[in-house]
Amino acid sequence: MKRIFTSPIDLSKVDTLIYHLPDGPTLSVELDGVKGFIDIDMELGDVCDTSDIDGVLHFFPRGNA
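Given the structure is predicted, the values throughout are model-derived calculations rather than measurements.

Once that is clear, we can look at the pairing of strand S1 (residues 16–20). Of all five residues in S1, four are buried, a share of seventy percent or more. Where S1 hands over to strand S2 (residues 26–30), the hairpin turn is made up of five residues, of which Asp23 adopts a positive phi near 70 degrees. Where S1 lies against strand S4 (residues 56–61), four bridges are found, and the strand directions are parallel. Bridged to Leu17 within S4 is Leu57.

So this is what it looks like as structure tokens:
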């Protein structure tokens, strides 16, 4: 089943964004000062938000989830 509406992501608790690239490597971005430039809701993919636990948001682009 395809989701049409997704809940917005609260970036206020996120310190680090980990972008999982295809074939295994990851890109880690510290979000201090760049939160206003990132719009994860517009990307296609899956999000694993563990910011309440450790301040990390994992993003898996479409085709890599």
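This part covers unusual backbone geometry. Positive phi is not limited to glycine here, since Asp23 has a value of about 70 degrees. By the secondary structure assignment, Asp23 is in the loop between S1 and S2.

The next thing to look at is the side chain of His58. Along the chain, His58 falls in strand S4. Discounting residues that sit within four places of it in the chain, His58 has contacts with Ile18, His20, Asp46, Val47, Cys48 and Thr50.

Scoring rules and cut-offs
- Residues numbered from 1 in each chain as written.
- Predicted model: local features only at pLDDT ≥ 70, side-chain atom pairs only at ≥ 80, totals over all residues.
- Heavy atoms only, no water.
- Buried < 20%, exposed > 50% of the residue type's maximum accessible area, 1.4 Å probe, protein only.
- Helix = DSSP H or I, 4+ residues; strand = E, 2+ residues; numbered from the N terminus.
- Pairing = 2+ DSSP bridges.
- Contact = heavy atoms within 4.5 Å.

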